[in-house]
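Architecture at a glance
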Amino acid sequence: MRTKDIQGIKLYRMPAADRRTRKDGTPREPKKLGRVHFPVFTPDGRRVVGFMVTPPDIVGVVKQADRFVALDCLKVYEGVFAVEDRRDAFDAPAAKRLGIDLDACIIWVGMDVKTCSGKALGYCADASFDAKTGRVKSFSITTGSAATALLGTVEMPASALDGYAEATMVVDDAVEYLEPSGGAAAKAAETTAKIGAKVSEGARVLDEKGSAAVEKGTRALGKQLGRTRGMFGAFKDEFKKAAGPAPKKAAGSTSKKKGSTT
């Protein structure tokens, strides 16, 4: 799971456990809470504990302050991402339950990055973490959107995070020498290599078994290169695994999917 998989999506408040089903047996729809803003990490950067959520403006004009929502209270409910309707899922009560000090927690994503020796590396653009425990696996470091699109990002293991100083993420000097991955240049090279291998294989098969086999190989290549999933679907799958099996609906019940990642 990556922090960008959830940043910006709509978050809802699910009904209380004893109010999730109407008298006619149909599920109650969740109420919109706001949009997920930033991930919140423990001061050492080893764990994601929750997210800041931006509520909608009052009457479309008056802005409301962000609210902290605990990671362990996020669920999939009626096809959308929602937070449990309980007091200790939000703000200070949630922090107390988790045993953390929100004032000491840090939003690492978006922060400038430099090495212990003072070398500027860019900024932290994302983080990979376990959807169930919040344990951070790695941080993504980039120098900018153009560089990211072309070269990709540097995936830095969480263990390389050294600390925080002057609004900057300080990392181990060795991070300077990590190679970027995931950019267009790397993908183009990878795709070219795959196509080249398939063409060579196809030429050999053509000699042996004719054009039918080549067509089969081309279709297999297309399926391989097109095997991708949207971030919304990936996030939803992860949280379904973490949350366990969904509650059974009453017979004949219907519901409409709410929300989107846009």
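Residues numbered from 1 in each chain as written. Predicted model: local features only at pLDDT ≥ 70, side-chain atom pairs only at ≥ 80, totals over all residues. Heavy atoms only, no water.

In this section: the overall build of the protein. Each helix and strand counted, the protein has five helices and 13 strands in total. Considering only contacts in the protein between residues 6 or more positions apart, those separated by 24 or more positions represent 54%. (Helix = DSSP H or I, 4+ residues; strand = E, 2+ residues; numbered from the N terminus. Contact = heavy atoms within 4.5 Å.)

With that settled, the discussion passes to a nonpolar patch on the surface. Nonpolar side chains collect at one region of the surface, where Ile58, Val59, Val61 and Val62 lie side by side and expose about 410 Å² of accessible area between them. The residue isoleucine 58 is located in the loop between strand S3 (48–54) and strand S4 (67–70) in this model. (Patch = residues over 30% accessible without salt bridge, like charges linked within 9 Å, V, L, I, M, F, W, Y side chains within 5 Å. Areas by Shrake-Rupley, 256 points an atom, 1.4 Å probe, with all protein chains shown as cover. Salt bridge = Lys/Arg side-chain N within 4 Å of Asp/Glu carboxyl O.)

Counting all residues, the mean pLDDT for the protein is 75, and 65% of those residues have values of 70 or more. Helix H4 (residues 211–225) is the least confidently modelled element of the protein, averaging 39 in pLDDT, while helix H1 (residues 91–98) averages 96, the highest of any element. In this model residues 183–196 is a low-confidence stretch, pLDDT under 50, and it forms 14 contacts with partners more than four residues away in sequence or in other chains. Here residues 198–235 is modelled with pLDDT under 50, and outside its nearest four sequence neighbours on either side it reaches 25 contacts, counting other chains as well. (pLDDT = per-residue confidence, 0-100.)

Its location among the elements puts threonine 168 in strand S12 (residues 168–171). From its side chain, threonine 168 meets the backbone oxygen of glutamate 166 in a polar contact 3.1 Å long. Beyond its immediate stretch of four places on either side in the chain, threonine 168 contacts Met111, Asp112, Val113, Lys114 and Gly163. (Polar contact = N/O pair within 3.5 Å; in protein donor to acceptor, adjacent residues only side chain to side chain.)

On to the sheet that holds strand S5 (residues 74–77), then. Taken in spatial order, the six strands line up as S4-S3-S2-S1-S6-S5 in an open sheet, and their pairing is mixed. Edge positions in the sheet fall to S4 and S5, since each has one partner strand and no second. Across the sheet, the mean angle separating the axes of adjacent strands is 50 degrees when strand polarity is ignored. As paired elements, strand S1 (residues 10–13) and strand S6 (residues 80–83) share two bridges and run parallel to each other. Its bridge partner lying in S6, tyrosine 12 is registered against alanine 82. H1 rests against S3 and S4 of the sheet, and its axis sits at about 35 degrees to S4. (Pairing = 2+ DSSP bridges. Axes fitted to C-alpha atoms, helices over the stretch in contact; angles between N-to-C directions.)

Attention now moves to the pattern of salt bridges. Summed over all chains, the structure comprises nine salt bridges. With a closest N to O distance of 3.1 Å, arginine 2 and glutamate 155 form a salt bridge. Of this pair, arginine 2 sits in the segment before S1 while glutamate 155 sits in strand S10 (residues 152–157), and the two are 153 residues apart along the sequence. Across the salt bridge formed by arginine 67 and aspartate 91, the nearest N and O atoms sit 3.0 Å from each other. Within this pair, whereas arginine 67 is found in strand S4, its partner aspartate 91 is found in helix H1, the two being separated by 24 residues in sequence. Here the salt bridges share partners, and the residues they tie into one network are Asp72, Glu84, Arg86, Asp88 and Arg97.

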